[in-house]
Number of protein chains: 2
Amino acid sequence: MKIAIIGLGLIGASIAKALRGQVEITGIDTDQATIDRALQDGVIKQGGPDMSLAEGSGMVVLAVPVGSIVQTAKRVIPHISKDTVITDTGSTKARIVREMDAAWPCFVGGHPIAGRENPGYEAGQATLFNNAITIITPTKTSLHHCIEKVTWLWESCGSHVTTMDPDKHDELMAIISHMPHLLSFVSMSIAGEIHIHKELLGAGFRDFTRIAASDPVMWKDIFMANKDHVLPLIDEYMEELGKIKGIISSENAGDLEEMLRTYATIRRDLYESTR
Amino acid sequence: MKIAIIGLGLIGASIAKALRGQVEITGIDTDQATIDRALQDGVIKQGGPDMSLAEGSGMVVLAVPVGSIVQTAKRVIPHISKDTVITDTGSTKARIVREMDAAWPCFVGGHPIAGRENPGYEAGQATLFNNAITIITPTKTSLHHCIEKVTWLWESCGSHVTTMDPDKHDELMAIISHMPHLLSFVSMSIAGEIHIHKELLGAGFRDFTRIAASDPVMWKDIFMANKDHVLPLIDEYMEELGKIKGIISSENAGDLEEMLRTYATIRRDLYESTR
């Protein structure tokens, strides 16, 4: 099978590197230096910026930012045959799947739960998905053989594949990933003045705020695409913050300790260790 | 000099282990097993639960939880002579220093910026304070020789000593330590149902929530003792959350990206690296 990967960033490059030798890969990316490097590495067989390069591919992988996935799909569709499988790697699924199901008969959404600090082709690794979980989000209208091909793609990259409803995926990711990122980003609003005391920053601050340095463009797309789940969680979080504020304010030691103990227990149970 | 350390938990035990051989140490702790172990290890020369054991000490180190420091000091004071230096290791300073300055002529507050996940005597390490910073918080009324002795204590433990106003210390720690802990604790309120999807938790979630497993008793004390700085920061944070909520809600991509970019830049500047 021939596969076209659109976007040779961290995720797209990792897929290409993982599949090298198994299939013939076409790389589509607007950055010519990236294409040259991937050709030179033997990671792709041909490549360039034009969507027409996808012609003849059995599968198209959209490894572009969440906010560009559907429009990129619409640009490549004129160049591929009706039986071509399209999949994506976006961190949100409901909106993308809804629009793609309407646009293409053989689309199955995907989201590999893997990442690295550094973006870009060079950061891509053949082993990125080894033992990682990839969630695929077929719907009632998804064709069996399309689901099978996308499952095959991720298993060939070394990933475990699990199936989830697109909306359920977004609900869960809002809690596991999107809210932690949002809360960490926002925590920087109160940290503007502490650069003069850098030497006092401990491990707690470092770890809590690490994801606040994430890519603003990527996360802007994610927060907007998943606003239906993120916004109610912000409300829920603010309500809980208001509650703890009241308890601290009244110095109600018993209630405060109980509240903190409940939180600590949830965290400890998730990891089955003291920390 | 003879030093009495009250509380042989992580911090008290680490001080005792660091000073072993340099001075004669008396350990005061209500847990007899801890005292036995410290005696057996040769870390303390004598020990037990009674405050009277502090008699004849040139310095008393209060290494007990923030909420118990002043009352513990008041229990040991009848047993020590007027020229004995008292210091503490609490994570908040203003309230403690105010009350201790009124209660004792030779008190200087301290806060070693060091810690480990695990509490207790066994977790204590002679090297815990090596190259760590300890903030001491003398006031206008602090006697010069008392400040010198507390400085000597921490330098003897391998620590760098820096001086700060007690209120400034609390203001800074509210941002660097107390708010990250509070926000991480509270994030668990929306994570109650995700235990069935443990396998999907990534590095972002793990690091962001690590400090939510911190000791509820210790943190209850800290949040209450520093409520003057923590409460306004909660308001500030909620206001910023409300702002980002409005921007996501209206899908104002430009403003959202700019806001996230500002946050990411603050975090990156603090660590002078991409993440």
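Residues numbered from 1 in each chain as written. Chains lettered and ligands numbered in written order. Predicted model: local features only at pLDDT ≥ 70, side-chain atom pairs only at ≥ 80, totals over all residues.

Draft legend 1. View of the interface of chain A and chain B. The interface of chain A with chain B comprises 75 residues on the first partner and 75 residues on the second. Counting only elements with at least two residues in the side of chain A that touches chain B, the list comes to helix 6 (166–187), helix 7 (203–209), helix 8 (216–225), helix 9 (227–249) and helix 10 (253–271) of chain A. At 14 residues, the largest contribution of residues to the side of chain A that touches chain B is made by helix 9 of chain A. (Contact = placed C-beta atoms within 7 Å. Helix = DSSP H or I, 4+ residues; strand = E, 2+ residues; numbered from the N terminus.)

Draft legend 2. Representation of the sheet that holds strand 3 (residues 46–48) of chain A. Residue and element names in this part refer to chain A. In spatial order, the strands read 3-2-1-4-5-6-7-8; together these 8 strands make up an open sheet with mixed pairing. Across the chains shown, the open sheet's two edge strands, defined by having one partner strand only, are strand 3 and strand 8 (160–163). Averaged over neighbouring strand pairs, the angle between their axes works out to 20° when direction is ignored. Here strand 1 (residues 2–6) pairs with strand 4 (residues 59–62) via 4 bridges, running parallel. For Ile 3, the partnering residue across the bridge sits in strand 4 and is Met 59. Here helix 3 (residues 69–76) sits on the sheet in contact with strand 1, strand 4 and strand 5 (85–88), set at roughly 150° to strand 4. (Pairing = 2+ DSSP bridges. Axes fitted to C-alpha atoms, helices over the stretch in contact; angles between N-to-C directions.)

Draft legend 3. Here's a closer look at the packing of helix 9 of chain A against helix 9 (residues 227–249) of chain B. Two elements in contact, helix 9 of chain A and helix 9 of chain B, have axes separated by 10 Å at closest approach and are oriented at 165°. The angle between the axes of helix 9 of chain A and helix 9 of chain B places the two elements in the roughly antiparallel class. In terms of crossing hand, the pair formed by helix 9 of chain A and helix 9 of chain B is left-handed. Here helix 9 of chain A contributes A:Lys227, A:Val230, A:Leu231, A:Ile234, A:Met238, A:Leu241, A:Lys245, A:Ile248 and A:Ser249 to the contact with helix 9 of chain B, which in turn contributes B:Lys227, B:Val230, B:Leu231, B:Ile234, B:Met238, B:Leu241, B:Lys245, B:Ile248 and B:Ser249. (Parallel < 35°, antiparallel > 145°, perpendicular 65-115°, else oblique. Left-handed = near helix turned anticlockwise from the far one by under 90°.)

Draft legend 4. Highlighting unusual backbone geometry. The backbone of A:Asn131 shows a phi angle near 65°, a positive value even though the residue is not glycine. Among the structural elements, A:Asn131 can be located in the loop between strand 6 (107–112) and strand 7 (133–137).

Draft legend 5. Expanded view of helix 8 of chain A. Taken across its 10 residues, helix 8 of chain A has 7 buried, putting it largely inside the fold. Among the residues of helix 8 of chain A, A:Trp219, A:Lys220, A:Asp221, A:Ile222, A:Phe223, A:Met224 and A:Ala225 are the ones counted as buried. Close packing links the buried residues of helix 8 of chain A with helix 4 (94–103), helix 6 and helix 9 of chain A together with helix 9 and helix 10 (253–271) of chain B. (Buried ≥ 20, exposed ≤ 12 C-beta atoms within 10 Å, placed from the backbone.)

Draft legend 6. View of the domain arrangement of chain A. Residues and elements named next belong to chain A. Annotation of chain A at the domain level lists domain 1 (2–164) and domain 2 (168–271). Put simply, the middle of domain 1 and the middle of domain 2, counted by C-alpha atoms, are 31 Å apart. Domain 1 puts 13 residues into the contact, and the matching count from domain 2 is 11 residues. Among the secondary structure elements, those contributing two or more residues to the side of domain 1 that touches domain 2 are helix 4 and strand 7. Its residues assigned to classes, the side of domain 1 that touches domain 2 comprises 6 nonpolar, 5 polar and 2 charged. (Domains from an automatic or database assignment. Nonpolar A, V, L, I, M, F, W, Y, C, P; charged D, E, K, R; others polar.)

Draft legend 7. Local environment of the relation of the copies chain A and chain B. Aligned on chain B, chain A shows an RMSD of 0.0 Å; the corresponding rotation is 180° and the shift along the axis is 0.0 Å. The two molecules are tied by a two-fold rotation axis, judged by turn and shift. Across chain A, the rotation axis passes nearest the C-alpha of A:Phe208, at a separation of 2.1 Å. A shared binding surface is used by both copies, with 100% of the interface residues of chain A retained as interface residues in chain B. (Least-squares fit on C-alpha atoms with pLDDT ≥ 70 in both.)

Draft legend 8. Helix 10 of chain B, seen in detail. Here helix 10 of chain B contains 19 residues, and its C-alpha end-to-end distance of 27 Å stays within 8% of the 27 Å for a straight helix at 1.5 Å per residue. Of the residues making up helix 10 of chain B, those classed as buried are B:Leu256, B:Met259, B:Leu260, B:Tyr263, B:Ala264, B:Ile266, B:Arg267 and B:Leu270. End-on view of helix 10 of chain B: buried residues confined to an arc of 150°, all on one side of the axis. In this structure, the buried side of helix 10 of chain B is in contact with helix 6, helix 7 and helix 8 of chain A together with helix 9 of chain B. (Expected span 1.5 Å × (residues − 1). Arc of directions from axis to C-beta.)

Draft legend 9. The pairing of strand 4 (residues 59–62) of chain B, seen in detail. All names here are of chain B. The alternating pattern of strand 4 places Met 59 and Val 61 on one face and Val 60 and Leu 62 on the opposite face, and all of these are buried. Summarising the sheet, strand 4 and strand 5 (residues 85–88) pair through 4 bridges and their orientation is parallel. When the bridges of strand 5 are listed, Val 61 appears paired with Thr 87. For the handedness criterion, the β-α-β arrangement of strand 4, helix 3 (residues 69–76) and strand 5 is classed as right-handed. (Right-handed = clockwise from strand over helix to strand, strands pointing away.)

Draft legend 10. Representation of the sheet that holds strand 1 (residues 2–6) of chain B within the structure. All names here are of chain B. Strands sit in the order 3-2-1-4-5-6-7-8 across an open sheet of 8 strands; the sheet is mixed. This sheet does not close on itself; its edge strands, each paired only once, are strand 3 (46–48) and strand 8 (160–163). For this sheet, the mean inter-axis angle between neighbouring strands, taken without regard to orientation, is 20°. Each of strand 1, strand 4 and strand 5 touches helix 3; the most contacted strand, strand 4, lies at about 150° to it.

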